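So you can see what is in the structure, the chains are spelled out below.
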Amino acid sequence: MEPIIIVHGGAGDIPLSRVQGKLNGVKASAAVGQKILAQGGTALDAVEAAVVLMEKDEYFNAGYGSVLNLKGQVEMEASIMCGNNLDVGAVTLIKDFLHPISIAHKVLTNSPHSLLGGEGAKMFALEMGFSTVPPESLISENAKSALAEFLKHGEFGRTEIGLRDEGGVGTVGAVAIDCNGHIAVATSTGGMSGKAVGRIGDTPQIGSGTYADDNIGGVSTTGHGESILKYCLAHSIIKLMQSGNVANTATKLAINGMTERLKNTAGAITLSKSGDVGINFSSKRMAWAYIRSNKIYFGIEKDEILEEDYVSI
Ligand code: ASP
């Protein structure tokens, strides 16, 4: 089958000033992942590389540019899953590494555990050869103003995730199917602006932020973490596909269901095992992109599907 990767750059009340940067970022990320798949690479390597690019990009709430907790610190989390054997790797409360998703990938391949957090995750990362970076080097000006804005006006979790013009949103995720039909999913985040120190959201929790099963499909989610994890949003979408819904219907049904029940917003990207695409969000905006048959498809507004000719990088 034709390999495919779809990526997202976070759901929320994204201000217009951040729209173009996010679109550029998701398009570049899809291109990096697609190149790996086109060269016969694995879905796991493709989703990691796509997410790594967005973790470096200030326009996204992951790696550099992550939003800040109430103490003004970055605390990141990430998860990755392989649909072939249901192997998973996840990390949480990461403060001084640029690429949580790469550490999560090592948890998947080199640890008997599924989720490592805080000091233990740091020890594991150092053992695996990752270098620390000064925690302050991960803090962007945008993240600082998002926290300042939150402290002035915010009420955690009651509103859209982005606050006014500061745009503290942009969890990133990728879902891919490689030429062997294997599915992988990766999701990485700085969480939500103004979160408590030590708060753990949906992103590192398998079934909430991430799910992959070669027999069904793959999903990466974004949005209000406390709602996503109560609803097991990624796995809810998988279950709806398993019971016969196409990817887009399953994604829409689960997101609407979560939003109606819990009164908070989310978004998700989905691939079914046969490569059909699902994209849906109940937030104001969500950036996404995928490449198929020499075209790149992308969007950020509701019901928007833009397309351009795509020449492989
Ligand atoms: N789901 C993330 C969290 O709650 C935030 C986001 O996707 O923007 O940690």
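Residues numbered from 1 in each chain as written. Predicted model: local features only at pLDDT ≥ 70, side-chain atom pairs only at ≥ 80, totals over all residues. Heavy atoms only, no water.

- Looking at an unreviewed UniProt entry, one finds the protein named Probable isoaspartyl peptidase/L-asparaginase GA20639, with Vanessa tameamea as its source organism.
- Under Sequence similarities (unreviewed entry), UniProt gives the following word-for-word description of the protein: "Belongs to the Ntn-hydrolase family." (UniProt positions renumbered as here; feature names shortened; annotations may be inferred.)

1. Examining the sheet that holds strand S1 (residues 4-12)
Inference 1: Taken together, the nine strands give an open sheet; going across it, the order is S4-S3-S2-S6-S5-S1-S11-S12-S13, and neighbouring strands pair in mixed fashion. Lying at the two open borders of the sheet, with one neighbouring strand each, are strand S4 (115-117) and strand S13 (306-309). Across the sheet, the axes of successive neighbouring strands diverge by a mean angle of 10°, strand direction being ignored.
Inference 2: Relative to strand S6 (residues 183-189), strand S5 (residues 172-177) runs antiparallel, the two sharing six bridges. Note on S6: the bridge partner recorded for Val175 is Val185.
Inference 3: Against the sheet, helix H2 (residues 43-55) touches S1, strand S2 (76-82), S5 and S6, its axis set at about 160° to S5. (Pairing = 2+ DSSP bridges. Helix = DSSP H or I, 4+ residues; strand = E, 2+ residues; numbered from the N terminus. Axes fitted to C-alpha atoms, helices over the stretch in contact; angles between N-to-C directions. Contact = heavy atoms within 4.5 Å.)

2. A look at unusual backbone geometry
Inference 1: Here the phi dihedral of Leu93 falls at roughly 55°; this positive angle occurs in a residue that is not glycine.
Inference 2: In this fold, Leu93 is placed in strand S3 (residues 87-94).
Inference 3: For Leu93, a relative accessible area of 22% gives the class partly exposed. (Buried < 20%, exposed > 50% of the residue type's maximum accessible area, 1.4 Å probe, protein only.)

3. Let's talk about empty space enclosed by the protein
Inference 1: Counted under the stated rule, the structure contains three cavities of 30 Å³ or more.
Inference 2: The space that makes up the largest cavity amounts to roughly 120 Å³.
Inference 3: The wall of the largest cavity is formed by 20 residues, among which Thr171, Thr189, Gly191, Met192 and Gly223 lie closest to the centre.
Inference 4: Among the elements of the structure, S1 and strand S8 (217-223) are those that each provide at least two residues to the lining of the largest cavity.
Inference 5: Its residues assigned to classes, the lining of the largest cavity comprises four nonpolar, 13 polar and three charged. (1 Å grid on protein atoms, 1.4 Å probe; cavity = no way out; pocket = protein on both sides within 12 Å on 5 of 7 lines; lining within 4 Å. Points joined across faces, edges and corners; volume = space filled by probe spheres on them. Nonpolar A, V, L, I, M, F, W, Y, C, P; charged D, E, K, R; others polar.)

4. Notes on the packing of helix H7 (residues 233-242) against helix H8 (residues 247-262)
Inference 1: Contact pair H7 / H8: the axes reach a minimum separation of 8 Å and the direction vectors enclose 135°. Classified by the angle between their axes, H7 and H8 sit oblique to one another. H7 and H8 meet at a crossing whose hand is right-handed. Residues Leu233, Ser236, Ile237, Leu240 and Met241 of H7 form the contact with H8, whose own contacting residues are Ala247, Ala250, Thr251, Leu253, Ala254, Ile255 and Met258. (Parallel < 35°, antiparallel > 145°, perpendicular 65-115°, else oblique. Left-handed = near helix turned anticlockwise from the far one by under 90°.)

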